[in-house]
Every structure is written in structure tokens, then in C-alpha cells.
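One-letter residues, chain by chain:
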Amino acid sequence: MKNYLELSAEVEQALKEGKPVVALESTIISHGMPYPQNVETALKVEQTIRDNGAVPATIAIIGGKLKAGCTPEEIEYLGKKGQAVIKASRRDLPVLVARKEDGATTVTTTMIIAAMAGIKVFATGGIGGVHRGAETTMDISADLEELAQTPVMVICAGAKSILDLGLTLEYLETKGVPVIGYQTEELPAFYTRHSGFKVDYRLDSPEELASAFRAKIELGLKGGMLVTNPIPEQYSMPKDVIDKAINEALRQMNEAGVHGKQCTPFLLAKVKELTGGDSLAANIELVLNNARLAAKTATALSRL
Ligand code: PSU
Ligand code: MN
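Because the structure is predicted, anything quoted here is derived from the model rather than measured.

Draft legend 1. View of the layout of surface pockets. Taken as a whole, the largest pocket encloses approximately 750 Å³ of empty space. Sorting elements by how many residues they give to the lining of the largest pocket places helix H12 (residues 263-275) first, with five residues. A per-class count over the lining of the largest pocket returns twelve nonpolar, 16 polar and ten charged. Volume-wise, the second largest pocket comes out at about 260 Å³. Along the wall of the second largest pocket there are 16 residues; nearest its centre are Gly118, Lys120, Ala298, Leu301 and Ser302. The set of elements that each furnish at least two residues to the lining of the second largest pocket consists of helix H10 (206-218) and helix H13 (277-303). Per-element tally for the lining of the second largest pocket: the top contributor is H10, with four residues. Tallied by class, the residues present in the lining of the second largest pocket amount to nine nonpolar, three polar and four charged.

Next up, the structure:
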């Protein structure tokens, strides 16, 4: 593994000293936002983590190396190259590494690389899940299987209702993944604070999140924990606006015959297009909000 994994000096030092480290994904940079807002946001997220007392580790695959901790130049490179960077899930790792290619890490591969490096907390925007119509397409994100097997706490703003949120919760239950609401009993739906679905447990502080995660690890229960942190009220979007955009995006996806790994990027881009700049602004704010909570939770975990 040592031949493949490359920690930045700062991340390596922090982990050695037991300091809090927060992992960040790179699909959100290459595929999730347009350039240059993607690079600006990625750097701002890193700064937010520092401001809250932890060390950021942006994770990506560059020239076949599994990177835990990217330089600002590497973040710029991934952001500028954009969609030309392969969206890398678990199944993509072997060939990308062997061919020394680049890869933008999804929630799945960010968790894998974070766990290899020894990082326990990961902040992102939204996770993948069970797609609407999965009963016929079988399109279920590998993110859910990763949460079932890899010991990393993922702090997100819930999942977008491009997915079937009810089936996503059922799948996570089957796989034994705790779904926590941060200061809420309701599963947040990314752009909005409301989905109509309940989380498993409500926890109210970084300390509570840290001790639940530690208990999971110490009990020897494999897998991660999903923390859903609602977008701050002042940035949330009206549910009817976002629902309308999502329905239209789904319609266009079916019409265009998009399938497989292109589904999520297609839907995300369409929703953005249909809602204009509003959804990008909301997206940036919720990621920053998750970064703050992740830094505080990693700090609490490092003190246990
Ligand atoms: N959902 C979002 N924003 C994202 C993603 C999902 O709201 O950027 C990205 C994440 O990297 C996630 C991946 O891990 O898409 C899931 O892709 P798929 O559905 O193909 O598994
Ligand atoms: Mn899929």
C-alpha cells in the first residue's frame, strides 16, 4: 500500500501527532461545480477546516498515486481539468493506479483512501444513494456499500431528491449504517432542510457525534456512520423550486437515455442549469457548513 498512498507532509505529521484531520473529496471539484468556483470553494473549504482547528486532506488520484492531502496547485489542476478527470469509484481504482492516471474521488473512494491513511472524519456535500426507478435499473451508488464496510464518518447535507430517499434509508438500514441527524430529527435533502423522512437518531454536538463513532469502532462494528447536517436556514432553497427542477432534470435524463455513472453528474448539472446561480450558492454554503462541523467533530474525536 505504501507504494500507492501518498500523504502530504502536513497530513502525515498531524496524524502522527494525533491531531484532527478532515478528508475532502475531489469529485465535487472536478465534476460537481464549474471552474473557477470549484477551485475557489475547495480552497475556502480547506481554510474553514483550518479556522476550526483541524488539518484538511483533500483526496484525489494524481498520476496513479492515492493522495491524502493535495497542494493548492493540485487542486487547481483538478478543477481546471474538470470533467476530463475520470470519476473514480471503487471499481476504477485498480486500472487508474496501474496506468498512473488521474481520478476524481467520489464519497466511496475518498472513504477508502481516508481509511488507508488513518483519517476518520470526512466532510462533503451530498452522497450517492438509491436512484429513483432502481427496482428496474439497479442503479444504487457504491457510496452505500462503502458506508457499510469502511470506518469513516461522513458528514454531508443529506442526499438530493434526484434519489429515492426512502429506498436509500432502507438500504442503509439493511447494511447497518447509522444515519444521524445533526440537531434535527428529519433527514435533510441537500438544498432544503426537509425531506419528510426521519433519521435514526438526532445528536446535538460534535462531542456526541465523536463518542457514537468511537463506540462503533470499539465495538468492532465495521463500516462508517452517516451524519446529515441541514443547510443553514438562510441559504436553503424553497422545496417547490428545487422539486420542480429535479423532476425536469429526471425527465430530460430519461429522454436523453443517460445511464450508468453519467446519471448523477447529468442530474446535478441539469438541476444547476435549471435553478441558475441560486443552487450553486446554496451548494457552496452547505459544504462550508459541513466542513465546520467536521473540523469540530474531528477535534472532539482526537480528545477522546
Ligand atoms: N451527490 C451530490 N453531489 C455530488 C455527488 C453526489 O449531491 O457531487 C457525487 C459524489 O462524489 C458522490 C457521487 O460520491 O457523486 C455519487 O455518484 P454515483 O451516484 O454515480 O455513485
Ligand atoms: Mn450509479
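On we go.
Draft legend 2. Structural context of the site of ligand 1. Around ligand 1 sit 14 residues, and of these Lys87, Ser141, Asp143, Lys160 and Thr264 come closest. At 2.7 Å, a side-chain N or O of Ser141 approaches an oxygen atom of ligand 1. Taking 470 Å² as the accessible area of ligand 1 by itself, protein coverage stands at 90%. Taking a 2 Å distance to the grid points as the criterion, the majority of the atoms of ligand 1 fall inside the largest pocket. Grouping the constituent residues of the shell around ligand 1 by class yields four nonpolar, six polar and four charged.

Draft legend 3. Fine view of helix H6 (residues 107-117). In terms of burial, H6 is largely enclosed, as nine of its eleven residues are buried. Residues Val107, Thr108, Thr109, Thr110, Met111, Ile112, Ile113, Ala114 and Ala117 constitute the buried set of H6. At the N-terminal end of H6, a side-chain oxygen is found 3.2 Å from the backbone nitrogen of Thr108, two or three residues along, and the residue is Thr106. Phi for Gly118, located one or two positions after H6, is positive at around 95°.

Draft legend 4. Looking closely at the packing of helix H3 (residues 37-51) against helix H4 (residues 72-81). For the pair H3 and H4, the least separation of the axes is 9 Å and the interaxial angle reads 145°. By crossing handedness, the relation of H3 to H4 is classed as right-handed. Within the contact between the two elements, H3 uses Asn38, Val39, Ala42, Leu43 and Glu46 and H4 uses Pro72, Ile75, Glu76 and Gly79. A breakdown of the residues in the contact of H3 with H4 according to their chemical character gives five nonpolar, two polar and two charged.

Draft legend 5. Summary view of the packing of aromatic side chains. Scanning the entire structure with this criterion turns up one aromatic pair. It is Lys160 that lies over the ring of Phe190; its NZ or CZ is 3.7 Å from the centre.

Draft legend 6. The arrangement of the pattern of salt bridges in detail. Tallied over the entire structure, the rule returns 17 salt bridges. Members of the salt-bridge network, linked through shared partners, are Glu6, Lys67 and Glu74.

Draft legend 7. Spotlight on the pairing of strand E3 (residues 55-62). The buried fraction of E3 is high, at eight of eight residues. The two faces of E3 match: Val55, Ala57, Ile59 and Ile61 on one face and Pro56, Thr58, Ala60 and Ile62 on the other face are all buried. Sheet topology places strand E2 (residues 21-24) next to E3; four bridges connect them, and they run parallel. Each residue of the ladder has a partner; that of Val22, found in E3, is Pro56. Taken together, the four bridges between E3 and strand E4 (residues 65-68) define a ladder with antiparallel strand orientation. By the bridge assignment, Ile61 is partnered in E4 with Leu66. Two successive antiparallel strands, E3 and E4, enclose a turn made up of two residues, where Gly63 displays a positive phi of approximately 55°.

Draft legend 8. Focus on empty space enclosed by the protein. In total, this model carries two cavities of 30 Å³ or more according to the counting rule given. Within this model, the largest cavity holds a volume of roughly 140 Å³. Lining the largest cavity are 15 residues, with Glu25, Ile28, Ala42, Val45 and Val287 sitting closest to its centre. Of all the secondary-structure elements, those providing two or more residues to the lining of the largest cavity are helix H2 (27-30) and H3. The biggest single contributor to the lining of the largest cavity is H3, with five residues. Within the lining of the largest cavity, the residues separate by chemical class into eight nonpolar, five polar and two charged. Every residue along the wall of the second largest cavity is listed here: Ile127, Gly158, Ala159, Leu165, Thr168, Leu169, Leu172, Leu187 and Leu226. Among the residues making up the lining of the second largest cavity, the classes are represented as seven nonpolar, two polar and no charged.

Parameters and conventions
- Residues numbered from 1 in each chain as written.
- Chains lettered and ligands numbered in written order.
- Predicted model: local features only at pLDDT ≥ 70, side-chain atom pairs only at ≥ 80, totals over all residues.
- Heavy atoms only, no water.
- 1 Å grid on protein atoms, 1.4 Å probe; cavity = no way out; pocket = protein on both sides within 12 Å on 5 of 7 lines; lining within 4 Å.
- Points joined across faces, edges and corners; volume = space filled by probe spheres on them.
- Helix = DSSP H or I, 4+ residues; strand = E, 2+ residues; numbered from the N terminus.
- Nonpolar A, V, L, I, M, F, W, Y, C, P; charged D, E, K, R; others polar.
- Near = heavy atom within 4 Å.
- Polar contact = N/O pair within 3.5 Å; in protein donor to acceptor, adjacent residues only side chain to side chain.
- Areas by Shrake-Rupley, 256 points an atom, 1.4 Å probe, with all protein chains shown as cover.
- Sits in = over half its atoms within 2 Å of the grid points.
- Buried < 20%, exposed > 50% of the residue type's maximum accessible area, 1.4 Å probe, protein only.
- Axes fitted to C-alpha atoms, helices over the stretch in contact; angles between N-to-C directions.
- Left-handed = near helix turned anticlockwise from the far one by under 90°.
- Contact = heavy atoms within 4.5 Å.
- Phe/Tyr/Trp six-rings, centres within 6.5 Å; stacked < 30°, edge-to-face > 60°.
- Lys NZ or Arg CZ within 6 Å of the ring centre and 35° of its normal.
- Salt bridge = Lys/Arg side-chain N within 4 Å of Asp/Glu carboxyl O.
- Pairing = 2+ DSSP bridges.

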